[in-house]
Amino acid sequence: MGTSHGYGRELIDGITQYWYEVGYQVDFELRGHLESLPDWVQDWEGEGIIVRHHQPETFAMLEKKGIPFIRLNCPDHVSDVDVDEMAVGEMAVEHFQERGLKHFAFFTQCDHYWTRRRRDGFAQAVKKRGGVCHVLERYHEDAAPFPTWERSFQKRFLEWLHELPKPIGMLVSYDFHARSVLEVCQSEGIAVPEEIAVLGINNEKWFCRLQNPPLSSLIQNSYKTGYETARILCNKIQGKEIPNFPVLFPPVGVCTRRSTDLIAVEDEDVADTLRWIRREACQGLTVERIVAEVGLSRRTLERKFQQAFGRTMKEEIHRVRMERAKELLLESRLPIGNVARSLGFCSHAHFVHIFRQQTGLTPSEFLRQFRVG
């Protein structure tokens, strides 16, 4: 298991949490996930192993030894447990559409199996909605800064950024790959998010906050992925029933920062309405108050809002509140009742009702599914 990035560390955190609960003894070695297995595995007498590894000969050796193993985040469709990249693409497109964007792009700095899956998942989600996905890929193994790229690709990248239809939502395959997009946009005078709204993946918090502007990012469900992987391995060791592979884990949501904080709507009445909802939804905002502030009849404003976003103002208020609720439940560790009060709900029961209506789960069920421990 590699530990250089937050995703890998959270996987390990979930794995060790499960094994701590069931009382298993665990051996762990700090290695990059591109490195070969250590020599001691050849003579190892353990009961099972989780491998986040990219070399087919490793799996052949483990099968020969008869050691139960689970392949986690492995290339070329051999993973037993992996990220649901189709769900990643769907969530990214929805995030952009919620901001009124109608053009979409995908960029990656390096060529790995997971960047290709993310490209395909995003492109399919765009195509399903009748759109076109503008794609540019740098076919390298590394994610080096822009000044170190070969000059021919630097030129191609600059031309691509300038030629993209704007405003546009750009999904970048990984947070660290987004750095060059943000830096080049700044140097070229391309406004982020007004012209290009940039969304990363993995929510490496420290890195996202350091960017200019701070980077919005999809939150992977890595802790739960690790926890469930450990559970599956234990069941496999004990001869119990295990799920059909691959088991795929969708992202939890989007941590929105300034890089996608825009409203790409031409109608100023609708744009003002959306601004009100984003700013005041968690402070008890009502449709009646919005109508009074915007100065149109309720019927006219509802019609215009529905045409722009495909949902009512009330539905949008609930959606924004529930996105904030999910963020608080996962990140703050506040009790559910405190979360309800902080979002302006008059009762715990009403909060649970709306949360289940929006997500299909109660807050307690949501926590059990997406947060362990």
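For the structure itself, look to the data block above.
Participant: I tried to follow helix α11 (residues 298–309) on my own but got confused; where do I start?
Facilitator: Two residues of an α-helix separated by three or four positions point the same way, owing to the 3.6 residues in each turn. Relative to the 16 Å expected for 12 residues at 1.5 Å per residue, α11 spans 16 Å between its end C-alpha atoms, a close match to the ideal helical length. Considered for burial, the residues of α11 that qualify are L301, E302, K304, F305 and F309. Summarising the axial view, the buried residues of α11 lie within an arc of 165 degrees, below the 170-degree limit, and thus occupy one face. Away from its buried face, by an angle of more than 90 degrees, α11 presents the exposed residues R299 and Q307. Elements that come into contact with the buried residues of α11 comprise α3 (85–97), α9 (268–280), α10 (287–294) and α12 (313–331). Positive backbone phi, approximately 75 degrees, marks G310, located one or two places after α11.

Participant: Whenever I open this one, the environment of W44 confuses me. Can you help?
Facilitator: Its location among the elements puts W44 in the loop between α1 (6–22) and β1 (49–51). By relative accessible area, which is 17% here, W44 ends up buried. In the structure, W44 is positioned 15 residues away from E29 in sequence and 13 Å away in space, judged by C-alpha atoms. In contact with W44, other than residues within four places in its own chain, are D27, I49, K65 and I67.

Participant: Can you walk me through a nonpolar patch on the surface in this structure?
Facilitator: Taken together, the side chains of V26, F28 and L30 define a hydrophobic patch exposed on the protein surface, amounting to about 290 Å² of accessible area. Tracing the sequence through the fold places V26 in the loop between α1 and β1. For V26, a relative accessible area of 36% gives the class partly exposed.

Participant: Explanation requested: the packing of aromatic side chains in the structure shown.
Facilitator: For any pair of aromatic rings, geometry is given as the distance between the ring centres together with the angle between the planes. Across all of its chains, the model carries 22 aromatic pairs by this definition. By way of ring pairs, the aromatic residues F107, F146, W149, F153, F157 and W160 are connected into one cluster. In this structure, K236 packs its charged tip against the face of F69, placed 5.4 Å from the ring centre. The residue whose ring lies beneath R279 is W276, and the NZ or CZ to ring-centre distance is 4.7 Å.

Participant: Got a minute to help me understand the nonpolar core in this structure?
Facilitator: Among soluble globular proteins, nonpolar side chains are generally buried collectively. By size, the foremost hydrophobic cluster in this structure holds 38 residues, and its most contacted members are W19, F96, F122, L171 and L218. Counting only elements with at least two residues in this core, the list comes to α1, β3 (81–83), α3, β4 (104–108), α4 (113–128), β7 (196–201), α8 (222–237) and β9 (247–249). A total of 6 residues in this core trace back to one element, the largest contributor, which is α1. Setting aside anything within four residues of it in sequence, one finds F96 in contact with L101, F104, F122, G169, M170, L171, A197, L199 and T260. Counting 24 residues, the second largest nonpolar core, distinct from the first, contains W160, V172, A178 and C208.

Rules behind the numbers
- Residues numbered from 1 in each chain as written.
- Predicted model: local features only at pLDDT ≥ 70, side-chain atom pairs only at ≥ 80, totals over all residues.
- Heavy atoms only, no water.
- Helix = DSSP H or I, 4+ residues; strand = E, 2+ residues; numbered from the N terminus.
- Expected span 1.5 Å × (residues − 1).
- Buried < 20%, exposed > 50% of the residue type's maximum accessible area, 1.4 Å probe, protein only.
- Arc of directions from axis to C-beta.
- Contact = heavy atoms within 4.5 Å.
- Patch = residues over 30% accessible without salt bridge, like charges linked within 9 Å, V, L, I, M, F, W, Y side chains within 5 Å.
- Areas by Shrake-Rupley, 256 points an atom, 1.4 Å probe, with all protein chains shown as cover.
- Salt bridge = Lys/Arg side-chain N within 4 Å of Asp/Glu carboxyl O.
- Phe/Tyr/Trp six-rings, centres within 6.5 Å; stacked < 30°, edge-to-face > 60°.
- Lys NZ or Arg CZ within 6 Å of the ring centre and 35° of its normal.
- Core = buried A, V, L, I, M, F, W, Y, C linked by side-chain atoms within 4.5 Å.

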